[in-house]
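Architecture and fold: a report
Here is how the chains run, residue by residue.
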Amino acid sequence: MTTTEVSEQAQTSYPMARECPYSPPAELGRLQADEPITRARIWDGSTPWLLTRYADVRSVLADPRFSSDPYRDGYPTVAASRKIRQDRQRPSFIFMDDPDHARLRKMLIGEFTVRRIETLRPLIEQTVTELLDAMEAGPRETDLVQAFALPLPSLVICHLLGVPYADHAFFQEQSHALLDLTSGEEKVVAALDALQGYLDELAEAKRKNPTDDLISRLGARVNAGELEISEVSAMAFLLLVAGHETTANMIGLGTLTLLHHPDQAALVRDGDTATVRSAVEELLRVLTVTHVGRRRVALEDVEVDGTLIRAGEGVILAAEAANRDPEKYSHPDDLDITRGTNQHVAFGFGIHQCLGQPLARIELQIAYPALLQRFPDLRVTVPDSEIRFREEMAVYGVHELPVAF
Ligand code: HEM
């Protein structure tokens, strides 16, 4: 069968609707078993490859013959809103290939080493304590997203970057509009211009009058002729957006998931460091909040597990399915927080593997047990059917989480 015939036959649409809010669509599991490398139709009618097996997803993510550059023909965007964004946004290194990607990422690696991030532990612990104090001092029923899950990573990333937290309502709103896959053109453009304009001004102000933060340190590199100021604000944009919504949704959805598994929540509440670490990895695996796959386009003809992917063809790597692959994980759909190191691909894999993962991990490792210890009777006050799950967002989770304690 020719490539054209195969793509014309593509019956599967991607992304697909979920049947259960805690699991990826069942169709992905079927494809993984029967058609692990197949074609799927996306919003613009094109039919990129869809890969669902763990081994294939990892191998393509690690393969330099696949590009992350959305300006290349064939690159499969996730939704119309994302295409609008990509056409207008100044590219950041998540959308570049080496050597450009490596040049820019290298400037940030020192900021995100495990050792460097460990120096933020006292700040993160104190922030958690203050947020829980505020919850305890307020009404016994609240929205956990607004009271805890969203402010924690927002406060931490603001501190690290040097973005004034007083502006959180502004940047959270823009970020929300950008991650909403159903946003129309006007909304995407307005959010993009507002946030980029804001960060352009901040980057320039910090270049001239540096303070002790990451954006100022990048400003010093501009003054040394190593970077363009526009590159600094593009990096700040990426870090600000990537740095708060992802972790916030892991806190919100992760807490909800633990509350549905009281035995496992108790282990997290009373567990030692190793148990908590293992719990965080398991929640990252089963929830895979960046739930609509990673995207690449082939730079040359590549054979993946017997299937020929031709130069210029788009590829979607369904990490949300790979993280549930029964060939990799026994009882993949079970939440088992004692699983230990599980080598999930929730942070991606290869050269674009999440730069902020040490920060995300430490925030989650502190947040879950602290919350469960402070409020041992924490409970959700509505059934799942009344919870708004973020299916339409690029980062999955819950919009609100009504809890009592
Ligand atoms: C990249 C997920 C938290 C900054 C990625 C990628 C994933 C991911 C899947 C790979 C993208 C690709 O291959 O195309 C997550 C999850 C998080 C999280 C699930 C929280 C639980 C953070 C935080 C920061 C951050 C806290 C920053 C402070 C980045 C950056 C990249 C990235 C800069 C691009 C890396 C590159 O292209 O070299 N993240 N992330 N992330 N993430 Fe995260």
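Residues numbered from 1 in each chain as written. Predicted model: local features only at pLDDT ≥ 70, side-chain atom pairs only at ≥ 80, totals over all residues.

The name that an unreviewed UniProt entry assigns to the chain is Cytochrome P450, with the source organism given as Pseudonocardia sediminis.

**Some points on the overall build of the chain**
From N to C terminus, the chain includes 17 helices and 10 strands. Here the C-alpha atoms of the chain give a radius of gyration of 21 Å, agreeing with the 22 Å that 2.2 N^0.38 yields for 405 residues. Projecting the C-alpha coordinates of the chain onto the three principal axes gives extents of approximately 65 × 55 × 40 Å. Looking at the chain as a whole, 44% of its 405 residues are labelled buried. Across the chain, the fraction of contacts at a sequence separation of at least 24, relative to all contacts at a separation of at least 6, is 72%. (Helix = DSSP H or I, 4+ residues; strand = E, 2+ residues; numbered from the N terminus. Rg over C-alpha atoms; globule rule 2.2 N^0.38 Å. Buried ≥ 20, exposed ≤ 12 C-beta atoms within 10 Å, placed from the backbone. Contact = placed C-beta atoms within 7 Å.)

**Considering the environment of Ala394**
Within the secondary structure, Ala394 is located in the loop between strand S9 (379-380) and strand S10 (402-404). Note: C-alpha distance between Ala394 and Val292 (102 residues apart in sequence) is 6.7 Å.

**Structural notes on the packing of helix H12 (residues 214-223) against helix H13 (residues 229-259)**
It is at 9 Å that the axes of H12 and H13 come closest, and there the two elements cross at 160 degrees. Regarding the angle of H12 to H13, the classification is roughly antiparallel. As for how H12 packs across H13, the hand of that crossing is right-handed. Where H12 abuts H13, its residues Ile215, Leu218, Gly219 and Val222 lie against Ile229, Val232, Met235 and Ala236. For the contact of H12 with H13, a count of residues per class yields seven nonpolar, one polar and no charged. (Axes fitted to C-alpha atoms, helices over the stretch in contact; angles between N-to-C directions. Parallel < 35°, antiparallel > 145°, perpendicular 65-115°, else oblique. Left-handed = near helix turned anticlockwise from the far one by under 90°. Nonpolar A, V, L, I, M, F, W, Y, C, P; charged D, E, K, R; others polar.)

**Comments concerning helix H2 (residues 26-34)**
Taken together, the buried positions of H2 are occupied by Leu28, Leu31 and Gln32. For H2, the angular spread of buried residues about the axis comes to 105 degrees, placing them on one side. Turned more than 90 degrees away from the buried face of H2 sit Ala26, Arg30 and Asp34, all of them exposed. Looking at the buried positions of H2, the neighbouring elements they touch are strand S1 (37-39), strand S2 (49-51) and helix H16 (319-322). (Arc of directions from axis to C-beta.)

**As for the site of the ligand**
In the vicinity of the ligand, 24 residues are found, and the nearest of them are Gly243, Thr246, Gly348, Cys354 and Gly356. Sorting the residues of the shell around the ligand by element identifies H13 and helix H17 (357-374) as the ones contributing at least two each. If you tally residues by element for the shell around the ligand, the top one is H13, at seven residues. In terms of residue class, the shell around the ligand is built from 14 nonpolar, eight polar and two charged. (Near = placed C-beta within 6 Å.)

**What to know about the pairing of strand S8 (residues 314-317)**
Here S8 shows two buried faces, one formed by Gly314 and Ile316 and the other by Val315 and Leu317. As paired strands, S2 and S8 are joined by three bridges and run parallel to one another. When the sheet's bridge partners are listed, Trp49 is paired in S8 with Val315. One ladder, built from four bridges, connects strand S5 (residues 294-298) with S8; its direction is antiparallel. Its bridge partner being in S8, Arg295 is matched across the sheet by Ile316. (Pairing = 2+ DSSP bridges.)

**What to know about the sheet that holds strand S3 (residues 66-67)**
Taken in spatial order, the five strands of this open sheet run S1-S2-S8-S5-S3, and their pairing is mixed. Both outer strands of the open sheet, S1 and S3, are each paired with one neighbouring strand and no more. Pairing analysis gives two bridges linking S3 to S5, with the strands arranged antiparallel. The residue of S5 that forms the bridge with Phe66 is Ala298. Together, S1, S2, S3, S5 and S8 form the strand contacts of helix H3 (residues 54-61), whose direction differs from that of S8 by roughly 125 degrees.

**A few points about the sheet that holds strand S4 (residues 141-143)**
In spatial order, the strands read S4-S10-S9; together these three strands make up an open sheet with antiparallel pairing. At either margin of the open sheet sits one strand with a lone partner, and together these are S4 and S9. Examined bridge by bridge, S4 and S10 share three bridges and lie antiparallel to one another. The residue of S10 that forms the bridge with Thr142 is Val403.

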